[in-house]
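Here is how the chains run, residue by residue.
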Amino acid sequence: MTAQYQPIRVWSRKIRLFHWLNLLCVLLLMVIGLMLLNGKLLGLSADGKILLKTFHVITGYVFALNLVFRLVLGFLGKGYERWGKTLPFNPGYRRELLAFRQNKHLVYKGHNPAGKLMVAALLFFMSVQMLTGLVLAGTDIYYPPFGTYVAAYIAEDSDKLDEIKPYSKVNVNAQAYREMRALRKPVVTVHVYSFYTLVVLIVFHILGVIIAERREKTALVSAMINGYKYLPPDKQKK
Ligand code: HEM
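What counts and how
Residues numbered from 1 in each chain as written. Predicted model: local features only at pLDDT ≥ 70, side-chain atom pairs only at ≥ 80, totals over all residues. Heavy atoms only, no water. Helix = DSSP H or I, 4+ residues; strand = E, 2+ residues; numbered from the N terminus. Buried < 20%, exposed > 50% of the residue type's maximum accessible area, 1.4 Å probe, protein only. UniProt positions renumbered as here; feature names shortened; annotations may be inferred. Axes fitted to C-alpha atoms, helices over the stretch in contact; angles between N-to-C directions. Parallel < 35°, antiparallel > 145°, perpendicular 65-115°, else oblique. Left-handed = near helix turned anticlockwise from the far one by under 90°. Contact = heavy atoms within 4.5 Å. Donors = N, O, S within 2.8 Å, 3.2 Å for Na, K, Ca; no water. Tetrahedral: all angles 85-135°; square planar, octahedral: opposite > 155°, others 65-115°. Near = heavy atom within 4 Å. Nonpolar A, V, L, I, M, F, W, Y, C, P; charged D, E, K, R; others polar. Phe/Tyr/Trp six-rings, centres within 6.5 Å; stacked < 30°, edge-to-face > 60°. Expected span 1.5 Å × (residues − 1). Polar contact = N/O pair within 3.5 Å; in protein donor to acceptor, adjacent residues only side chain to side chain. Salt bridge = Lys/Arg side-chain N within 4 Å of Asp/Glu carboxyl O.

Caption draft 1: Up close: the environment of Arg178. Considering the arrangement of structural elements, one finds Arg178 in helix 7 (residues 174-216). Residue classification places Arg178 among the exposed positions, given a relative accessible area of 53%. As for Arg178 and Ile154, which are separated by 24 residues in sequence, their C-alpha atoms are 8.9 Å apart.

Pasting the structure below:
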């Protein structure tokens with residue numbers, strides 16, 4: 001690093017923790033999700049499927065808590081944690097985007113304008129995964145936050161909810177079960193298509209980081225580890 005490059009603290013510890021924990025959870029959720037999608041091909045038994053779904057849901061809770069933490073931080077946090085510096089909705093964003101497309105030599109303390117678009121898309125589709133996932137957890141293996149209500153809805157005898165188990169017909173009213181499964185069907189479709197969208201976005205996110213690092217040379221990747229970017233003083237942008 002040459003002498004005129006200045007270390008500037010950009011990413012707080014909270015943002016960095018969110019980022020790496022999110023990466024871990026998403027990777028795990030994708031691997032288990034892919035196994036569930038290809039259950040027949042893998043010859044999964046019913047018990048094996050229930051076990052995988054339980055792992056998926058428990059990882060999903062960590063993912064959801066971490067994501068909610070990040071969403072709240074956007075409103076209550078400081079500096080580059082805040083939405084004004086993260087999402088592509090700040091006043092003057094269109095001008096920023098135009099300048100970014102015209103001038104290859106600009107460097108940015110926070111996200112560049114294309115990065116802001118990507119963060120918005122990633123957070124949106126991850127929120128879709130979180131919300132649909134929580135509904136599926138309730139309607140598939142009767143897990144919180146909706147599992148008890150779903151079990152009560154399909155039960156023949158609502159005093160014996162503990163008898164309601166995944167893939168079991170004990171104490172289940174067949175008509176109510178069919179209604180519940182019909183209601184959850186579009187939720188599964190959204191969960192799966194939002195998963196495919198996330199795969200594409202993640203590929204573009206990684207490509208974007210590589211291109212930005214080659215263009216701006218601000219030590220983007222290590223900044224997400226130690227919090228510091230390195231910027232030439234004459235070219236700094238917000
Ligand atoms: C980035 C986050 C996530 C990804 C990429 C993801 C991906 C997937 C995929 C690919 C499947 C297979 C769908 C199928 O078998 O038809 C699946 C199923 C499932 N997911 Fe997720 N998921 C995510 C988050 C969550 C969360 C947060 C929860 C709940 C806490 C959750 C709960 C479930 C459940 C219960 C199923 C089984 C649905 C079924 O077989 O009908 N997921 N997920």
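After presenting the structure, the write-up continues.
Caption draft 2: Main features of the UniProt feature "domain: Cytochrome b561 bacterial/Ni-hydrogenase" (unreviewed entry) in the chain. Per the UniProt record, "domain: Cytochrome b561 bacterial/Ni-hydrogenase" (unreviewed entry) is found at residues 10-227. With 72% helix and 1% strand, the stretch residues 10-227 has end C-alpha atoms that lie 6 Å from each other.

Caption draft 3: View of the packing of helix 1 (residues 13-37) against helix 7. Taken N-terminus to C-terminus, the directions of helix 1 and helix 7 make an angle of 135°; their axes are 12 Å apart at the nearest point. With respect to each other, helix 1 and helix 7 are oriented oblique. Note that helix 1 runs across helix 7; the crossing there is left-handed. Residue-level inspection shows His19, Val26, Met30, Leu34 and Leu37 of helix 1 in contact with helix 7, the latter providing Val192, Phe195, Tyr196, Leu198, Val199, Ile202 and His205.

Caption draft 4: Representation of the coordination of the iron atom of the ligand in the model. Those protein atoms acting as donors to the iron atom of the ligand are His56 (NE2) and His191 (NE2), and they sit at 2.1 Å. Note that the iron atom of the ligand binds six donor atoms; their angles at the metal cover 87 to 180°, and the shape is octahedral. A residue pair is termed long-range when its members are at least 10 positions apart, and His56 in helix 3 (residues 46-76) and His191 in helix 7 qualify at 135 residues. Overall, the relative accessible area of 16% leaves His56 in the buried class. His191 sits in the buried class, given a relative accessible area of 16%.

Caption draft 5: Representation of the site of the ligand in the model. Around the ligand, the structure places 23 residues, and the nearest of them are Lys53, His56, Gln129, Arg184 and His191. Split into classes, the residues belonging to the shell around the ligand amount to 14 nonpolar, six polar and three charged.

Caption draft 6: Representation of the packing of aromatic side chains in the model. Scanning all chains against the criterion turns up six aromatic pairs. On the basis of an interplanar angle of 85° and a centroid distance of 6.1 Å, the ring pair of Phe75 and Trp83 is categorised as edge-to-face. Overall, Trp83 belongs to the buried group, its relative accessible area being 14%. Here Phe195 and Tyr196 contribute two aromatic rings whose centre-to-centre distance is 5.5 Å and whose plane-to-plane angle is 45°, an arrangement assigned as tilted.

Caption draft 7: Representation of helix 5 (residues 113-140) in the model. Taking 1.5 Å per residue as the helical rise, helix 5 with its 28 residues ought to reach 40 Å, and the 40 Å between its terminal C-alpha atoms agrees with that figure. Most of helix 5 is tucked away: 20 of the 28 residues are buried. Its side-chain oxygen at 3.0 Å from the backbone nitrogen of Ala114, Asn112 defines the N-terminal cap of helix 5. The positive-phi residue at the C-terminal boundary of helix 5 is Tyr142, with phi of around 55°.

Caption draft 8: Examining the pattern of salt bridges more closely. The final tally for this structure, using the stated rule, is five salt bridges. Between Asp140 and Lys53 there is a salt bridge; the shortest N-O distance is 2.7 Å. Placement of the pair is Asp140 in helix 5 and Lys53 in helix 3, with a sequence separation of 87 residues. Residue classification places Asp140 among the buried residues on the basis of a relative accessible area of 10%. A relative accessible area of 14% means that Lys53 is categorised as buried. One salt bridge in this structure joins Asp140 and Arg181, with 3.4 Å as the shortest N-O distance. With Asp140 in helix 5 and Arg181 in helix 7, this pair connects stretches of sequence that are 41 residues apart.

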